[in-house]
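# Coordinate analysis (summary)
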Amino acid sequence: MRQSTSGNSAVGDRRYSGSLNRFAWLTSVATLLLICSGGMVTSKGVGLAVPDWPTTFGYNMFLFPVSKWVGGILFEHTHRLMGSLVGFLTIILAVWLWFSEDRQWVRNMGLIALGGVILQGILGGLRVTMMKDEIGIFHACIAQAFLGLLVVIALATTRFWQSLPASAVDSAERSPGREANLTALSSQVRRHLAPLTTLAIAIAIAIYVQLGLGATMRHQHRDLAILDFPTANGAWIPDTSATALAKINAWRDARGLSDVTVFQIWLQMAHRFLALIIAVGVIAFCLRVWRDAPRFAALKRLSILWVALVACQIALGAWTIWSNKAGDVATVHVAVGAVMLSFGVSISAICWRVAAVSRRSAPGARALVVPA
């Protein structure tokens, strides 16, 4: 950790690169669009519209004639091209970070991102050649983690990240005649940010698990296992006895829907229950921020947006069910879930950084090495 001196701002300015930061955000947005593309492919059930890989119907992927981009081929081939674009952007980002960043942990994250995008390309190819849903689920989960990693890289390359310790408290809290640095942290912020960090991380993990449940549902079953909301097969707790399941499948068969299993019904119920837990957690986090860190303006704004995203996501989840998993609605549901995870990762990183720095700057505390 660099010492807090009058030259700190100069160091921060040298470290900041507007072009690098914008490119990191560009890569993150491209990855979000790639996740949307993958969600559309799965929602429309066209993941195997192109049966070969890495070629496309025998063509070089980049030379496949536009005239043949029709039906499901359009969605699958576009997803491949977007994956290639994200891979190319990630290579540039990793190299850029390696040669321009003086923080080893940021450089290492660039290398991890590079390894992640290579793994994703391989998993995408194996999903086609081996035709296994399990690979598709893993592919979707890694994509979400990859996006979270890119968002942290983009956040760490902002001026905001450098100013976090000082910006965590209002200017009225700063000691007169002192630089707005680590010692400016109030005892209130120091006392409350550690539990806020723990709560934010727990919620982010829950959101990631929720996205994994959603990916499992999408890849395991072409139709929804439960077709009503907020009830489930007409009840708050669905009856999954053998007799009830037989009636449910008879009703579905009469309407041309695929049969369901007990596991698939309870998988969707688990998705609903966890959504409720996440909603309560995000609202609780927002209330705690406003109560315990009222002068941390950035965190207050992010927590409000997080609550808004939860409300939007629940509405989209209901709409997905009511529309019988319409492809566009389900894809937006996936996209907002990815944004929610990005918020969770960002908020966790911000809380962790300020809490760690405040512990180091506390009177009598032993010096800690805190990544800048």
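Here we summarise the structure given alongside this text.

Attention shifts here to the pattern of salt bridges. Counted according to the given criterion, the structure contains 4 salt bridges. Residue Glu101 pairs with Arg103 through a salt bridge whose shortest N-O separation is 2.7 Å. Among the residues examined, Arg103 registers a relative accessible area of 5% and is labelled buried. In this structure, Asp292 engages Arg291 in a salt bridge whose closest nitrogen and oxygen atoms are separated by 2.8 Å. Assessed through its relative accessible area of 4%, Asp292 is described here as buried. Arg291 sits in the exposed class, given a relative accessible area of 56%.

Before going further, it helps to examine the side chain of Gln210. Inspection of the secondary structure puts Gln210 in helix H7 (residues 187-220). A distance of 2.8 Å separates a polar atom in the side chain of Gln210 from the backbone oxygen of His271. Beyond its immediate sequence surroundings of up to four residues, Gln210 is in contact with Ala270, His271, Leu274, Ala275 and Ile278.

Among the surface-exposed residues, Ile91, Val95, Trp98, Phe99 and Leu111 lie close enough to one another that they form a single nonpolar patch of about 500 Å² accessible area. Within the secondary structure layout, Trp98 lies in helix H3 (residues 71-100). On the basis of relative accessibility, which here comes to 34%, the residue Trp98 falls in the partly exposed class.

With an omega dihedral of 5°, the bond running from Trp53 to Pro54 counts as a cis peptide bond. For the bond running from Phe229 to Pro230, omega is 10°, close enough to zero to count as cis. Positionally, Pro230 belongs in the loop between H7 and helix H8 (242-254). Even without glycine at this site, Asn233 takes up a positive phi of about 55°. Locating Asn233 in the fold gives a position in the loop between H7 and H8. By relative accessible area, which is 33% here, Asn233 ends up partly exposed. One non-glycine residue, Lys325, lies in positive phi territory at about 60°. Tracing the chain through its elements places Lys325 in the loop between helix H10 (297-322) and helix H11 (327-361).

About the cut-offs
- Residues numbered from 1 in each chain as written.
- Predicted model: local features only at pLDDT ≥ 70, side-chain atom pairs only at ≥ 80, totals over all residues.
- Heavy atoms only, no water.
- Salt bridge = Lys/Arg side-chain N within 4 Å of Asp/Glu carboxyl O.
- Buried < 20%, exposed > 50% of the residue type's maximum accessible area, 1.4 Å probe, protein only.
- Helix = DSSP H or I, 4+ residues; strand = E, 2+ residues; numbered from the N terminus.
- Polar contact = N/O pair within 3.5 Å; in protein donor to acceptor, adjacent residues only side chain to side chain.
- Contact = heavy atoms within 4.5 Å.
- Patch = residues over 30% accessible without salt bridge, like charges linked within 9 Å, V, L, I, M, F, W, Y side chains within 5 Å.
- Areas by Shrake-Rupley, 256 points an atom, 1.4 Å probe, with all protein chains shown as cover.

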